[in-house]
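Summary of the model geometry
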Amino acid sequence: MKANVAAVMCSYNKLNGTYACESDLALNGLLKGELGFRGHVVSDWNAQHTTAGSANAGMDMSMPGDNFGDNNFLWGTALTNAVSGGQVDKSRVDDMVERILASWYYLGQDVDYPKVGWTSWNGGVGGPDVQGDHKIIARDIARDGIVLLKNENNALPLKKPASLAIIGNDAINNPDGPNACVDRGCDVGTLAMGWGSGTAEFPYLISPLDAIKTQATADGTTIVTSTTDSTSEGASAAGKADTAIVFINADSGEGYITVEGQEGDRADLDPWHNGNGLVEAVANVNKNTIVVIHSVGPLILEKILALPNVVAVVWAGLPGQESGNGLVDILYGSKSPSGKLPYTIAKQASDYGTSPQSGDDNYSEGLYIDYRHFDEAGIEPRYEFGFGLCESLTNTPRFKSQSNLA
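What comes next is a walk through the structure. (Residues numbered from 1 in each chain as written. Predicted model: local features only at pLDDT ≥ 70, side-chain atom pairs only at ≥ 80, totals over all residues. Heavy atoms only, no water.)

Side note on the packing of aromatic side chains
- By the definition in use, this model includes six aromatic pairs.
- Between W104 and Y105, the ring centres sit 4.9 Å apart and the planes meet at 70 degrees, which makes this aromatic pair edge-to-face.
- Note that K14 overlies the ring of Y19, its terminal NZ or CZ placed 4.9 Å from the centroid. (Phe/Tyr/Trp six-rings, centres within 6.5 Å; stacked < 30°, edge-to-face > 60°. Lys NZ or Arg CZ within 6 Å of the ring centre and 35° of its normal.)

Rendered as structure tokens:
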């Protein structure tokens, strides 16, 4: 633990049958003992299950509040009573305080640290405006995370095409606004963030279509649109342009929100909203079809890759508020694609060797997950972990294949 870490969060799962936030073996034994961690351990929301058990196991700070409205507060008065009743030693509470204050001093929060305040901005919505020039960083992140999976016949970068068809609901913003669904709990418009408690409000969201329109205006390119997921409307638009860009996605999030029948995790590895069908309908009428994918994780791409008119596939992930601008940087070649896959894309779902399970898991697969599993089982992936095409705009007009399998 020499990475200057001040706090560690204990998780929801059990370790050898004991909740992680109450695991004496993990917190006191491994983390604070063997690894010598001197900071504090904080619980995740609702990951603490007892008062004395978590305290004695080495948890130092509890997320504030009760367990999602059950009025059951496990620390505060409950911890005071546990100390008075002898279930928790006073020295253990002293240790909690020392660890928390040590972290506070270590991070310099005692000297010239900004005062906590809450002022309105953006029409009275939110807290203090801390954006500054962060939009530049956000654009860099959106762009640099894009992975180019396929590029045939120098389809990319685009070179002032005479006409472009932009197809798919994923190309535009939610008509009701990017923050219309609580905790981003819907899949309407372009996917820039999954759903759940870890989400944030978009201060703005640059959609792919809006960013492409800006570039197209400068280039004199005619734009044809079909911003639904209708296959017939998509094919009609694609037939009127030299090049078609189809936007598809797949979403997921936390289980407390159900989106389009999906309770948290996805039910399969197909694109949502008949994405395969939409791409096929477009590719049947346009010989220069480019597919842009916004997804929370791997998809099976075999149906899309089997279409001869799909000349390029761009994996844009979850790009955030500068989504469209970051994508345009890659599509038009002002920046070289440099993103690498953070997971393996298989040829079929069964290649992953996993299936949904209920109850406890003993992790019998050990370390053989993702690319290690594929190597161990001798399975050839469609795109390996670390894969990504890249281009040197100054040296060669062609994209080169580079992977970083480690």
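Things to note about unusual backbone geometry
- Here the residue pair L156 and P157 is connected by a cis peptide bond, since its omega of 0 degrees sits within 30 degrees of zero.
- Note on placement: P157 falls in the loop between β5 (147–151) and β6 (163–167).
- Backbone geometry at N16 places phi at a positive 55 degrees, although glycine is not the residue there.
- Considering the arrangement of structural elements, one finds N16 in the loop between β2 (14–15) and β3 (18–19).
- Phi angles above zero are rare outside glycine, and N46 is one such case at about 65 degrees.
- Mapped onto the elements of the fold, N46 is located in the loop between β4 (40–43) and α2 (52–57). (Helix = DSSP H or I, 4+ residues; strand = E, 2+ residues; numbered from the N terminus.)

As for empty space enclosed by the protein
- As enumerated under the stated definition, the model contains two cavities of 30 Å³ or more in all.
- Counted as a void, the largest cavity has a volume near 180 Å³.
- Along the walls of the largest cavity sit 17 residues, with P178, C186, V188, T190 and F202 positioned nearest its centre.
- Partitioning the lining of the largest cavity into residue classes produces ten nonpolar, five polar and two charged.
- Quantified by volume, the second largest cavity comes out at close to 60 Å³. (1 Å grid on protein atoms, 1.4 Å probe; cavity = no way out; pocket = protein on both sides within 12 Å on 5 of 7 lines; lining within 4 Å. Points joined across faces, edges and corners; volume = space filled by probe spheres on them. Nonpolar A, V, L, I, M, F, W, Y, C, P; charged D, E, K, R; others polar.)

In short, the description is geometric, and any link to function would need to be established separately.
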